[in-house]
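# Architecture at a glance
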Amino acid sequence: MTKPWDAVSERLLRELAPQVLGAVARRFRDFSAAEDAVQEAMIAAFTQWPQEGIPDNPRGWLIQVASRRMADQARSEIARRERETSVAREVETMAPTVDIESDMDQDDTLILLFMCCHPALTSSSAIALTLRAVGGLTTAEIANAFLVPEATMAQRISRAKQSIKASGMPFRLPSPQERAERLPAVLHVLYLIFNEGYTSSVGAQLQRLDLAREAIRLTRCAKMLLPENAEATGLLALMLLTDARRAARTGPDQELIPLDKQDRTLWDRAEISEGAELLAAALSQGSVGLYQLQAAIAAVHDEAARAEETDWPQILALYELLKQVSPSPMVTLNHAIAAAMVHGPSRGLELLKALDCDPRLAGHYRLDAVRAHLLEMVGDYESAIKHYRIAAGRTTSIPEQNYLMTQAARLADNTRGLKSDL
């Protein structure tokens, strides 16, 4: 055993989880049981590693613990079903942990990703299960991404596991045709994993770099599998153009810094350059989809040396096209912001009214946060303070909560100052 336990070690453990699950699921061909075994291995690591140190081969250690759990389950099945001879022979001839790890394909996590997006599952169930197995997101985080109650998401994930077990689907990389069929769900999963990494919906940290980096890595792998797919290229471009701003998004105390206040000299120009090249390649293929359009919007932001130089009319035009290609409440919300920047905040507030009746976003903190910002822009400070506070009470992200409460406090102080001057 080597190395002390720290926050970096915890991130290592989270990054290893999908790799270990991929190896164990491929070897034992039981996804649900493998997930339970890996969870137990993770709990053991969280318990033992802080006291004993991180093993020299942490992935092998986790695979070994999970494999022992699977072997114990097999032996229990032997006793229960009284099939000692046939099943015992299989248990006795199982490959040692070192063999399981040595033949583990470097794309095991990608295989797991495609397996979770199997057509036997509904699209929503496949995406939810993959976010759990590959992204390492909690049920609450996944529910936030889908704008549904946590209990609903828990049922969806449970049904997906049962469907995989009942289907007996093999753990392998699908054929080229199957890859193309499953790719939309795979890309959507990667998009959601990146979003959760870029802006964590729960907890004290604004960003989860482990998730964002893993999403970028897997998207690169998906693009290599299907290099001619414009949406895969567009998604990678979107991730890079967005991730380029990472260093400027938080201050010295990890406080949130909004886009218009960021120090743009901190933006990663290499990521922006690569993202722009990928976007140009995707658009040259002739099709314009969800990810290419979002990447184009990100590129317009990245091209502006100062917030005041942002080409908002172009962004508004892109959002109007995005509303036609892939309408959603979040697209409508962002379209309202762009419209406010071009035509004035009153126009943005008018567009927000349509979302008040949309059950997917009504009551969501982002709607109140945007409304508060636009109300501040029109000078209705009392209403802006109210909505900043409502938004703060609805978000489960502490940095966003702190930012929203700070905005409300700033406006309240300014309002008192104006009254005292009268």
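Residues numbered from 1 in each chain as written. Predicted model: local features only at pLDDT ≥ 70, side-chain atom pairs only at ≥ 80, totals over all residues. Heavy atoms only, no water.

## Re the overall build of the chain
We apply this condition: Put simply, DSSP marks the helices as runs of H or I at least four residues long and the strands as runs of E at least two long, and each gets a number from the N terminus on. Exposure classes here rest on a 1.4 Å probe applied to the protein chains alone. A residue is buried below 20% of its type maximum, exposed above 50%, and partly exposed in between. Contacts between residues were defined by any pair of non-hydrogen atoms, one from each residue, lying within 4.5 Å. In short, Shrake-Rupley with a 1.4 Å probe defines the accessible areas, and a residue's cover is counted only from the protein chains shown.
When you go through the chain residue by residue, the secondary structure sums to 20 helices and two strands. Within the chain, buried positions represent 50% of all 422 residues. Sequence separation of 24 or more characterises 65% of the internal contacts of the chain that already satisfy a separation of 6 or more. When the accessible surface of the chain is summed, it comes to about 20200 Å², and 52% of that surface belongs to carbon and sulfur atoms.

## Observations regarding the packing of helix H8 (residues 139-146) against helix H9 (residues 150-167)
How two helices sit against one another is set out by the angle between their axes and by the gap between those axes. Filter applied, for reference: To obtain an axis, a line is fitted to C-alpha atoms, over the contacting stretch when the element is a helix, and the angle between two such axes runs from 0 to 180 degrees between their N-to-C directions. Our angle categories are set so that under 35 degrees counts as roughly parallel, over 145 as roughly antiparallel, 65 to 115 as roughly perpendicular, and the remainder as oblique. Each residue gets one of three labels, nonpolar for Ala, Val, Leu, Ile, Met, Phe, Trp, Tyr, Cys and Pro, charged for Asp, Glu, Lys and Arg, and polar for the others, Gly among them.
Packing of H8 against H9 brings their axes to within 8 Å, and their N-to-C directions diverge by 105 degrees. When the axes of H8 and H9 are compared, the pair comes out roughly perpendicular. Residues Thr139, Ala140, Ile142, Ala143 and Phe146 of H8 form the contact with H9, whose participating residues are Glu150, Met153, Ala154, Arg156 and Ile157. In the contact of H8 with H9, the residues fall into seven nonpolar, one polar and two charged.

## Here's the deal with helix H19 (residues 381-394)
This is how the line gets drawn: By this rule, a helix spans an expected 1.5 Å times one less than how many residues it contains.
For H19, which comprises 14 residues, the first-to-last C-alpha distance of 20 Å matches the rise-based estimate of 20 Å (1.5 Å per residue) to within 8%. Here H19 has its buried residues at Ala384, Ile385, His387, Tyr388, Ala391 and Ala392.

## With respect to the side chain of Gln207
How we decide: Counting of polar contacts relies on pairs of N or O atoms within 3.5 Å, with two restrictions inside protein: one atom must be capable of donating a hydrogen and the other of accepting it, and residues adjacent in sequence are counted only when both atoms are side-chain atoms.
Within the secondary structure layout, Gln207 lies in the loop between strand S1 (202-203) and helix H11 (209-225). Side chain to side chain, Gln207 and Arg249 meet in a polar contact 3.1 Å long. Among all residues touching Gln207, those that are not within four sequence positions of it are Gly197, Tyr198, Arg246, Arg249 and Thr250.

## Some thoughts on the pattern of salt bridges
Oppositely charged side chains may form a pair once their charged atoms are brought near each other. For the record, the criterion: The term salt bridge refers to a pairing of a side-chain nitrogen on Lys or Arg with a carboxyl oxygen on Asp or Glu at a separation within 4 Å.
Applying the stated criterion across every chain yields a total of 15 salt bridges. With its nearest N and O atoms 2.9 Å apart, the salt bridge here joins Glu214 to Arg217. With Glu214 and Arg217 both in helix H11 and three residues apart, this pair spans about one turn of that helix. Classification of Glu214 as buried rests on a relative accessible area of 15%. Ionic pairing is found between Arg306 and Glu309, a salt bridge with its closest N-O pair at 3.0 Å. Given the relative accessible area of 46%, Arg306 is considered partly exposed.

## Description of helix H12 (residues 230-243)
The first and last C-alpha atoms of H12 sit 20 Å apart over 14 residues, in line with the 20 Å expected at 1.5 Å per residue. In this structure Asn229 caps H12, since a side-chain oxygen of it lies 3.1 Å from the backbone nitrogen of Glu231.

## Quick notes on a nonpolar patch on the surface
Stated formally: Only residues whose relative accessible area exceeds 30% and that form no salt bridge enter a patch; like-charged residues are grouped when within 9 Å of one another, and nonpolar side chains (Val, Leu, Ile, Met, Phe, Trp, Tyr) when within 5 Å.
A contiguous nonpolar patch, built from Leu283, Val288, Leu321 and Val325 and spanning about 290 Å² of accessible area, is present on the exposed surface. Locating Val325 in the fold gives a position in helix H15 (residues 312-325).

## Digging into the packing of aromatic side chains
The cut-off we apply is this: Centres within 6.5 Å make a pair out of two Phe, Tyr or Trp rings, where for Trp the six-membered ring is used; the pair is then stacked when the planes are under 30 degrees apart, edge-to-face when over 60, and tilted otherwise.
Overall, the coordinates contain two aromatic pairs when judged by the stated rule. The interplanar angle of 55 degrees and the centroid separation of 5.5 Å between the aromatic rings of Tyr191 and Tyr291 together place this pair among those described as tilted. Linking Tyr191 in helix H10 (residues 176-198) with Tyr291 in helix H14 (residues 290-303), this pair joins segments that are 100 residues apart in sequence. The class of Tyr291 is buried, set by a relative accessible area of 5%.

## Thoughts on the confidence of the model for the chain
Regions with low pLDDT should not have their predicted coordinates read in detail. Filter applied, for reference: A residue's pLDDT is the confidence the predictor assigns to it, expressed on a 0 to 100 scale.
Here the chain averages 84 in pLDDT, and 87% of its residues register 70 or above. Ignoring residues within four places in sequence, the model shows residues 91-106, a span with pLDDT below 50, making 31 contacts including any to other chains.

## Brief notes about the environment of Arg182
The residue Arg182 is located in helix H10 in this model. What makes Arg182 buried here is its relative accessible area of 9%. Spatially, the C-alpha atoms of Arg182 and Leu113 are 9.9 Å apart, while their sequence positions differ by 69 residues. When sequence neighbours within four positions are dropped, the list of residues in contact with Arg182 reads Phe114, Met115, Cys117, His118, Pro119 and Pro174.

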